[in-house]
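Structural features, examined
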Amino acid sequence: CPEPGGALKRSHDGRWAHVACATFCPGIFEEEGVVCGAEELPQKSWTTRCVICGTNGGACLECEVPNCRVSFHVGCALRRSAGVRLDLTCDGDRMKCTVLCARHAQEGALPG
């Protein structure tokens, strides 16, 4: 995420990750207080342009509706009230995140 500051946690490789980004990015998890899994994010997550801030620094999430390519940073979505939908639900012992762009959130679309 290109936003400086905020609540941070140490990652397993010694870098820092925003707690919100780690919470909502699929495949990211916390183990013994350390953020793990960022290296498993698809490469395009790191190079895709955010529709909210217009930059491509940091990982972006993509709308889960099939064939929708709208992407945005977690921090941008949370800070700028952009109408996107980020929902967390419990799936056994893991949290599941639903990610929808503003258009699909407004339409009440369900992820594929």
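What counts and what doesn't
Residues numbered from 1 in each chain as written. Predicted model: local features only at pLDDT ≥ 70, side-chain atom pairs only at ≥ 80, totals over all residues. Heavy atoms only, no water. Core = buried A, V, L, I, M, F, W, Y, C linked by side-chain atoms within 4.5 Å. Buried < 20%, exposed > 50% of the residue type's maximum accessible area, 1.4 Å probe, protein only. Contact = heavy atoms within 4.5 Å. pLDDT = per-residue confidence, 0-100. Helix = DSSP H or I, 4+ residues; strand = E, 2+ residues; numbered from the N terminus. Salt bridge = Lys/Arg side-chain N within 4 Å of Asp/Glu carboxyl O.

With respect to the nonpolar core
Counting residues in each nonpolar core, the largest one holds 20 residues, and the members touching the most others are Leu61, Phe72, Val74 and Leu86. When residues no more than four places from it in sequence are discounted, the contact partners of Phe72 are Cys50, Val51, Ile52, Cys60, Leu61, Ala77, Val84, Leu86, Val99, Leu100 and Cys101. Counting five residues, the second largest nonpolar core, distinct from the first, contains Cys63, Cys68, Leu100 and Cys101.

Comments concerning the confidence of the model for the chain
Taken residue by residue, the chain gives an average pLDDT of 82. The fraction at 70 or more is 93%. Predicted confidence in the chain is weakest over strand E7 (residues 85-91), with a mean pLDDT of 75, and strongest over strand E6 (residues 71-72), with 90.

Section: the pattern of salt bridges
By the definition in use, this model includes five salt bridges. When the shortest N-O distance is used, the salt bridge between Lys44 and Glu62 registers 3.3 Å. Of this pair, Lys44 sits in helix H2 (residues 43-47) while Glu62 sits in strand E5 (residues 61-62), and the two are 18 residues apart along the sequence. On the accessibility criterion, Lys44 (44% relative accessible area) is partly exposed. Salt bridges here are not isolated pairs; linked through shared partners, they connect Lys44, Glu62 and Arg69.

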